[in-house]
Amino acid sequence: MHRKIPALLVAIGVSIAPCFILPVLANSAVETSASTAQTASTDKEAKEQIESASKEATEQIENATKEADKLENQAKKLEEKVEKRVHKERLEDCKEINVLKVRDEKTIVPEDGPSVYPVLLKGLPNRPTVAVVLGGGGLRGTAHIGVLRELERNNIPIDMVVGTSIGSIIGGLYCAGTSPDKLESESPKRLIRAYYTSPLFFKVMLLPFKLLTFRNMTGMYKSNSMMRALNTFVPTSKLEISEYKPKFAAMSVDLLRGVPVAITDGNLGEALAASAAVPFLKRPIFTERGLMVDGGILRNIPVSPAKAMGAEFIIAVDINDNIKPMTKKHFQRKFGSITSRLVRLAQHDMESIELKQADVVIRPELSGIGMLSKKIKDADRAVRAGEDATVNVMDDIKAKYKAACVPYQNGTSQKLVQEQN
């Protein structure tokens, strides 16, 4: 009997358990179903919200893009308007220049080539406008100091100076008010330090490293450092070259357009650095005028630009040697001799054309002084050579200048006399 009781209790428990478990399971299923329905409803709302936000963001992006396009078009129209206005002003400035003509809608060029030469002087009433043209040639250019001093000593008027490379540096400092005596006493050492900010030997040694690391190889020296150094030669009140008397122009070349450019306004240091940025040695200077390099590439002795800018009597200074045969040893012993020779050969023919347009040509004896020389004794010898060469042709300068003044004696300009004839 006692053995049957547990079995009976088990049977009763088994029969009663479903009565308790089934309601619990049913309630749990109802709760799960309700929770699932609520989740589905929440997901739907979230999806709708996301779609709405995405649509709104897309509309905002489209509106912003339209506004950006509108602003870009306005900026483009404004730029075109400004460009047309500037071009119109340039045309007005050049209206009285016979040597200038319009080749297309945007370029004003002289008849002998694609360049822009603004007029510095429109002519003097009682004598011809005198320009001194100083050619490029490295340290040999200190000869220009001696030339300028002798012209002053002999009371030869100088109305404008047009220079290339070292010619622009000496000419620019002179027009800024630096006397030839001060140029001789202070400039050579400072110019060498300004041009070679570190030893050239070190720069050459670094070339393989720069080539391997794909560094900027447009030039071994930065032109900006030279620009800053040149600005220290004159007071800050003398840095605007358009205010100079005599008038001044630095010849440079714009690589972007491939044309010579006469820089007649703006910062002195920038103009001189642009004119003396020798390819490979100095990096080009990017200005509003273009990507500027040494003017000696196209106008090493800028006589025709001086004439286009208003000069009527031109004294040109050629500091380069004539082309002579050289031995093989010359190129084996001197660093930079091959580059110097190549540049000289390229310049020779162009210089011949330019020099034919000058009234007087001064040629200092500078044999043995290299373009890349850094010797102070070479600079001093060049100054003396410039003086001696000017003294030798002074009688010729005075005679030709006197003859050039004849048409002005009656108050008539040379140009008007020629037109009447």
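The structure displayed is predicted, hence computed values, not measured ones.

## What to know about the confidence of the model for the chain
In low-pLDDT regions, the fine details of the predicted coordinates are not to be read closely.
Move 1: On average, residues of the chain carry a pLDDT of 76, and 68% of them reach 70 or more.
Move 2: Scored below 50 in pLDDT, residues 89-114 makes 43 contacts in the model with residues more than four places away or belonging to other chains.
Move 3: Scored below 50 in pLDDT, residues 413-421 makes 9 contacts in the model with residues more than four places away or belonging to other chains.

## Some thoughts on the pairing of strand β7 (residues 259-263)
Move 1: By the criterion of burial, β7 is predominantly enclosed, with 5 of the 5 residues buried.
Move 2: Taking every second residue as pointing to the same face, both faces of β7 are buried, with V259, V261 and I263 on one and P260 and A262 on the other.
Move 3: Relative to β7, strand β6 (residues 247-254) runs antiparallel, the two sharing 5 bridges. Bridge pairing in β7 links V253 to P260.
Move 4: Following β6, the chain reverses through 4 residues before pairing antiparallel with β7; G258 in that reversal takes a positive phi of roughly 70°.

## Quick word on a nonpolar patch on the surface
Move 1: There is a patch of nonpolar side chains on the surface, built from I323, I338, L342 and L345 and spanning about 360 Å² of accessible area.
Move 2: One can find I323 in the loop between β11 (313-317) and α9 (328-333).
Move 3: Exposure remark for I323: the relative accessible area of 33% places this residue in the partly exposed category.

## Structural notes on the pattern of salt bridges
Should the charged atoms of two oppositely charged side chains come close, the side chains can pair.
Move 1: Summed over the entire model, instances satisfying the criterion amount to 12 salt bridges.
Move 2: A salt bridge links R127 to D159; its shortest N-O distance comes to 2.7 Å. One end of the pair, R127, is in the loop between β2 (108-110) and β3 (130-134); the other, D159, is in the loop between α2 (143-153) and β4 (160-164), with 32 residues separating them in the sequence.
Move 3: Relative accessible area serves as the criterion here: at 11%, D159 is assigned to the buried category.
Move 4: The partner of R153 in a salt bridge is E150, with the nearest N and O atoms 2.4 Å apart. Taken together, the residues span about one helical turn, with R153 and E150 both in helix α2 at a distance of 3 residues.
Move 5: Three or more residues are tied together by salt bridges with common partners; here these are R149, D181, E184, R384 and E387.

## Examining the packing of aromatic side chains
When we look at a pair of aromatic rings, we describe it by the centre distance and by the angle of the planes.
Move 1: Applying the stated criterion across every chain yields a total of 1 aromatic pair.
Move 2: On the basis of an interplanar angle of 70° and a centroid distance of 5.6 Å, the ring pair of F313 and Y401 is categorised as edge-to-face. On the criterion of sequence distance, the pair formed by F313 in strand β11 and Y401 in helix α11 (residues 376-405) is long-range, its members being 88 residues apart. Considered together, F313 and Y401 belong to a single accessibility category, that of buried residues.

## A word on α2
Move 1: Of all 11 residues in α2, 9 are buried; the element is thus mostly enclosed.
Move 2: Within the sequence span of α2, burial applies to A143, H144, I145, G146, V147, L148, R149, E150 and L151.
Move 3: Directly after α2, the chain includes N155, whose backbone phi takes a positive value near 60°.

## Some details on helix α7 (residues 268-275)
Move 1: In terms of burial, α7 is largely enclosed, as 7 of its 8 residues are buried.
Move 2: All of the buried residues along α7 are L268, G269, A271, L272, A273, A274 and S275.
Move 3: For α7, the capping residue at the N-terminal end is N267, with a side-chain oxygen 2.9 Å from the backbone nitrogen of G269.

## Topic: the nonpolar core
Move 1: In this structure, L151, I169, F248, L268 and I397 are the most contacted members of the largest nonpolar core, which totals 58 residues.
Move 2: Among the elements that make up this core, the one with the highest residue count is α11 (9 residues).
Move 3: Excluding anything up to four places from it in sequence, I169 contacts L191, L230, L272 and A276.
Move 4: If you look at the next biggest cluster of nonpolar residues, it comprises 20 residues, including V133, M251, A311 and A316.

## Examining the side chain of E387
Move 1: Within the secondary structure, E387 sits in helix α11.
Move 2: Using a relative accessible area of 11% as the deciding quantity, one classes E387 as buried.
Move 3: Not counting chain neighbours up to four residues away, the residues in contact with E387 comprise G146, V147, R149, E150 and R153.

## What to know about the packing of helix α3 (residues 166-175) against α7
When two helices pack together, their arrangement is given by the angle between the helix axes and the distance between those axes.
Move 1: Between α3 and α7, the shortest axis-to-axis distance is 8 Å and the interhelical angle comes to 160°. Our classification of the angle between α3 and α7 gives roughly antiparallel. Here the hand of the crossing between α3 and α7 comes out right-handed. For the pair α3 and α7, the contacting residues are S168, I169, G172 and L173 in the first and L268, L272 and S275 in the second.
Move 2: Looking at the contact of α3 with α7 residue by residue, the classes come out as 4 nonpolar, 3 polar and no charged.

## A closer look at the environment of I263
Move 1: With respect to the helices and strands, I263 occurs in strand β7.
Move 2: Each C-alpha atom of the pair I263 and A249 lies 5.3 Å from the other, and the pair is 14 residues apart in sequence.
Move 3: Ignoring sequence-local partners within four residues, the contact set of I263 consists of I241, F248, A249, A250, S252, A271, A274 and R289.

Quick notes on the rules
- Along every chain, residues carry numbers that run from 1 in the direction the sequence is written.
- Owing to the predicted nature of the model, reporting of local features is limited to residues with pLDDT of at least 70; listing and counting of side-chain atom pairs is limited to 80 or more, with chain, interface and lining totals taken over all residues.
- Side-chain numbers here rest on the full set of heavy atoms in the structure, without hydrogens or water.
- Residue-level confidence of the predictor is summarised by pLDDT, bounded by 0 at the bottom and 100 at the top.
- Contacts: residue pairs with any heavy atoms within 4.5 Å of one another.
- Exposure categories follow from relative accessible area, calculated using a 1.4 Å probe and restricted to protein chains: below 20% of the type maximum is buried, above 50% is exposed, and the middle band is partly exposed.
- Numbering of helices and strands runs from the N terminus; a helix is a DSSP stretch of H or I covering at least four residues, while a strand is a stretch of E covering at least two.
- Pairs of strands are assigned from DSSP output, requiring at least two bridges between the strands.
- To count toward a patch, a residue needs a relative accessible area over 30% and no salt bridge; like charges are then connected within 9 Å, while nonpolar side chains (Val, Leu, Ile, Met, Phe, Trp, Tyr) are connected within 5 Å.
- Calculation of accessible area relied on Shrake-Rupley with a 1.4 Å probe; when residues are assessed, cover is drawn exclusively from the protein chains displayed.
- Every case where a carboxyl oxygen of Asp or Glu lies within 4 Å of a side-chain nitrogen of Lys or Arg is listed as a salt bridge.
- Centre distance within 6.5 Å is the pairing criterion for rings of Phe, Tyr and Trp, where only the six-membered ring of Trp is used; planes under 30 degrees apart are then read as stacked, over 60 as edge-to-face, and the remainder as tilted.
- Between N or O atoms, a polar contact is any pair within 3.5 Å; within protein, one atom must be a potential hydrogen donor and the other a potential acceptor, and residues adjacent in sequence are included only when both atoms are from side chains.
- We define the nonpolar core as a collection of buried residues of types Ala, Val, Leu, Ile, Met, Phe, Trp, Tyr and Cys that are connected through side-chain atoms lying within 4.5 Å of one another.
- Here, axes are lines fitted to C-alpha atoms. For helices the fit covers the stretch in contact, and angles between N-to-C directions go from 0 to 180 degrees.
- Roughly parallel means an angle under 35 degrees; roughly antiparallel means over 145; roughly perpendicular covers 65 to 115; every other angle is labelled oblique.
- By convention, the crossing between two helices is left-handed when the near helix turns anticlockwise from the far helix through less than a right angle, and right-handed when the turn is clockwise.
- Residue polarity follows a fixed list, in which Ala, Val, Leu, Ile, Met, Phe, Trp, Tyr, Cys and Pro are nonpolar, Asp, Glu, Lys and Arg are charged, and the others, Gly among them, are polar.

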